[in-house]
Amino acid sequence: MAAEVGGFEDPSAEVLAEAAAAFGLLASSARLHIVWALAQGESDVTGLAERVGGALPAVSQHLTKLKLAGLVRSRREGRRQVYFVDDPDVVTVVRLMVGQLTDRAERAHGGDHAGHGDRAGHPAPGPSGRMRRLGA
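Report follows, based on the coordinates.

What counts, and where the lines are drawn
- Residues numbered from 1 in each chain as written.
- Predicted model: local features only at pLDDT ≥ 70, side-chain atom pairs only at ≥ 80, totals over all residues.
- Heavy atoms only, no water.
- Pairing = 2+ DSSP bridges.
- Helix = DSSP H or I, 4+ residues; strand = E, 2+ residues; numbered from the N terminus.
- Axes fitted to C-alpha atoms, helices over the stretch in contact; angles between N-to-C directions.
- Parallel < 35°, antiparallel > 145°, perpendicular 65-115°, else oblique.
- Left-handed = near helix turned anticlockwise from the far one by under 90°.
- Contact = heavy atoms within 4.5 Å.
- Nonpolar A, V, L, I, M, F, W, Y, C, P; charged D, E, K, R; others polar.

## Thoughts on the pairing of strand β4 (residues 73-77)
- Pairing of β4 with strand β5 (residues 80-84), which is carried by five bridges, proceeds in the antiparallel orientation. Note that in β5 the partner of Arg-76 across the bridge is Gln-81.
- Connecting β4 to the antiparallel partner β5 that follows it, the hairpin turn spans two residues, and Gly-78 within it adopts a positive phi of roughly 65°.

## A word on the pairing of β5
- Of the strand pairs in this sheet, strand β3 (residues 43-44) and β5 are connected by two bridges, and their pairing is antiparallel. For Ser-43, the partnering residue across the bridge sits in β5 and is Tyr-83.

## Topic: the packing of helix α2 (residues 29-40) against helix α5 (residues 88-108)
- Relative orientation of the contacting elements α2 and α5 amounts to 115°, with a least axis distance of 10 Å. On the basis of the axis angle, α2 is roughly perpendicular to α5. For the element pair α2 and α5, the recorded crossing hand is left-handed. Contact with α2, carried on its side by Leu-32, Val-35, Trp-36, Ala-39 and Gln-40, involves Val-90, Val-91, Val-94, Arg-95 and Val-98 of α5 and no other residues of that element.
- Class assignment of the residues belonging to the contact of α2 with α5 gives a composition of eight nonpolar, one polar and one charged.

## Some thoughts on the packing of α2 against helix α4 (residues 56-68)
- Running from N to C, α2 and α4 point in directions that differ by 75°, and their axes come no closer than 10 Å. Considered as vectors, α2 and α4 are oriented roughly perpendicular to each other. Facing Ala-30, Arg-31, Ile-34, Val-35 and Leu-38 of α2, the residues of α4 in contact are Val-59, His-62, Leu-63, Lys-65 and Leu-66.
- Here the contact of α2 with α4 is built from residues that sort into seven nonpolar, one polar and two charged.

This is how it looks when you write it as structure tokens:
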């Protein structure tokens, strides 16, 4: 029996399992980067590999997993397979999470463009202590 709190009913076990599986796939920074890139616009595997800095076979495997989970789709254009995120809700969740963490990191580090290193070329710090405690 689902509990109702504050006017909201708890989701079913099936929905929670599906959400956990989707978040599990996005727990990989490589796959999250791929979804982030595809949220900005469609691309083929070569373009994605260049953008995310991954080896072509690895990016292809990540895309296969994301596609099987229904997080990305593809279409054929001649000999190329073009990938895209067709679900605006997935795009919203990814942009919200990455955007919030980027803003938080920039505030914490005085706007040094966290995630890309500072202007002196030093690498950006790793996940915050809070994120480490959450298993990120």
